[in-house]
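In case you want the letters, here they are:
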Amino acid sequence: LEPARLMEAARIAPQAPELEEAVLGALLLEMGAWTAIGDLACPEMFYDNARATIFRAAYALWMDGKKVDSLTVTQKLSQDGDLKDCGGAFYVSTLTNKVASTANIEYHARILIERLIARKLLVMANETREAVYGAPDALELLDETSAKVSDLYAFTQSTSLITAADGIERLTDA
């Protein structure tokens with residue numbers, strides 16, 4: 001591989017592991033945290049598959065109107081056969097130690113969504129780059145790419161997403 005390709009391959013996708021753990025910890029600590037991020041929450045915001053699976057289990061409990069805490073999520077993961085793949089009961093129980101307060105969960109979730117959007121943009125850019133070499137019709141490729149960008153933009157609108165910079169400004173003005 002040429003040096004530029006090696007550098008690109010070595011890059012780590014946009015993610016925030018500490019925030020993923022903090023958001024999960026907050027959701028396990030306080031039921032009210034779910035309503036704070038209700039319009040933001042999705043498993044895809046977790047880059048790590050184990051944390052996404054933990055979120056899915058917690059979300060399923062919440063959607064069923066059940067209590068969500070480290071014990072009920074551990075039980076759900078065990079019932080679904082996913083507990084071992086998620087780091088076990090000990091890992092799930094440590095998530096609540098990763099957050100000092102649930103007060104910033106919305107802000108943390110928005111950062112995770114921004115990382116998700118960045119990952120989606122990378123996928124789109126790579127797909128477009130590869131398609132350029134085999135596309136017989138550049139205008140058709142432009143239409144397809146434009147549609148994907150529009151879908152991503154619609155996603156950002158549906159999550160009421162603000163940028164991290166706007167969030168910091170809002171917090172510092174308060």
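A brief structural summary. (Residues numbered from 1 in each chain as written. Predicted model: local features only at pLDDT ≥ 70, side-chain atom pairs only at ≥ 80, totals over all residues. Heavy atoms only, no water.)

### Remarks on helix H4 (residues 49-63)
Helical geometry note: an α-helix holds 3.6 residues per turn, so side chains three or four residues apart project in the same direction. Along its 15 residues, H4 runs 21 Å from first to last C-alpha, staying within 8% of the 21 Å computed at 1.5 Å per residue. For H4, every residue scored as buried is listed here: Ala-50, Arg-51, Ala-52, Thr-53, Ile-54, Phe-55, Ala-57, Ala-58 and Leu-61. Buried residues along H4 sit in contact with helix H2 (17-29), helix H3 (32-36), helix H5 (70-79) and helix H6 (88-94). Two to three positions downstream of the cap, the backbone nitrogen of Ala-50 sits 3.1 Å from a side-chain oxygen, assigning the N-cap of H4 to Asp-48. Directly after H4, the chain includes Gly-65, whose backbone phi takes a positive value near 75°. (Helix = DSSP H or I, 4+ residues; strand = E, 2+ residues; numbered from the N terminus. Expected span 1.5 Å × (residues − 1). Buried < 20%, exposed > 50% of the residue type's maximum accessible area, 1.4 Å probe, protein only. Contact = heavy atoms within 4.5 Å. Polar contact = N/O pair within 3.5 Å; in protein donor to acceptor, adjacent residues only side chain to side chain.)

### So, a negative patch on the surface
Where like charges cluster on the molecular surface, the negative patch consists of Asp-137, Glu-140, Asp-143 and Glu-144. Here Asp-143 lies in helix H8 (residues 138-158). (Patch = residues over 30% accessible without salt bridge, like charges linked within 9 Å, V, L, I, M, F, W, Y side chains within 5 Å. Areas by Shrake-Rupley, 256 points an atom, 1.4 Å probe, with all protein chains shown as cover. Salt bridge = Lys/Arg side-chain N within 4 Å of Asp/Glu carboxyl O. Lys, Arg positive; Asp, Glu negative; His and termini not counted. Charge placed at Lys NZ, Arg CZ, Asp CG, Glu CD.)

### So, the packing of H2 against H4
Two quantities define a packed helix pair, namely the angle between the axes and the distance from one axis to the other. Contact geometry for H2 and H4: axes closest at 11 Å, N-to-C directions at 20°. On the basis of the axis angle, H2 is roughly parallel to H4. You can see that H2 and H4 cross each other, and the crossing is left-handed. Contact residues: H2 offers Pro-17, Glu-20, Glu-21, Leu-24 and Leu-27, while H4 offers Arg-51, Ile-54 and Phe-55. A breakdown of the residues in the contact of H2 with H4 according to their chemical character gives 5 nonpolar, no polar and 3 charged. (Axes fitted to C-alpha atoms, helices over the stretch in contact; angles between N-to-C directions. Parallel < 35°, antiparallel > 145°, perpendicular 65-115°, else oblique. Left-handed = near helix turned anticlockwise from the far one by under 90°. Nonpolar A, V, L, I, M, F, W, Y, C, P; charged D, E, K, R; others polar.)

### Quick notes on the side chain of Arg-51
For Arg-51, the position within the fold is in helix H4. Not counting the four nearest positions on each side in its chain, Arg-51 is found in contact with Pro-17, Glu-20, Glu-21, Leu-24, Phe-46 and Tyr-91.

### As for the packing of aromatic side chains
According to the stated counting rule, one finds 6 aromatic pairs in the structure shown. Aromatic side chains Trp-34 and Tyr-59 sit 6.2 Å apart centroid to centroid with 45° between the ring planes, which places their arrangement in the tilted category. In this pair, Trp-34 sits in helix H3 while Tyr-59 sits in helix H4, placing the two residues 25 residues apart along the sequence. Classification of Tyr-59 as partly exposed rests on a relative accessible area of 32%. Relative to Phe-55, the ring of Phe-46 has its centre 5.2 Å away and its plane inclined at 35°; by these criteria the two rings are tilted. With respect to class, Phe-46 is no different from Phe-55; both count as buried. Following the ring pairs from residue to residue traces out a cluster consisting of Trp-34, Phe-46, Phe-55, Tyr-59 and Trp-62. (Phe/Tyr/Trp six-rings, centres within 6.5 Å; stacked < 30°, edge-to-face > 60°.)

### Thoughts on the environment of Ala-22
By the secondary structure assignment, Ala-22 is in helix H2. Taking the relative accessible area as the measure of exposure, Ala-22 reaches 7% and is therefore buried.

### Thoughts on the pattern of salt bridges
A full pass over the atoms with the stated rule returns 7 salt bridges. The residue Glu-127 makes a salt bridge to Lys-148 at a minimum N-O spacing of 3.0 Å. One end of the pair, Glu-127, is in helix H7 (residues 105-134); the other, Lys-148, is in helix H8, with 21 residues separating them in the sequence.

In short, geometric facts, not functional conclusions.
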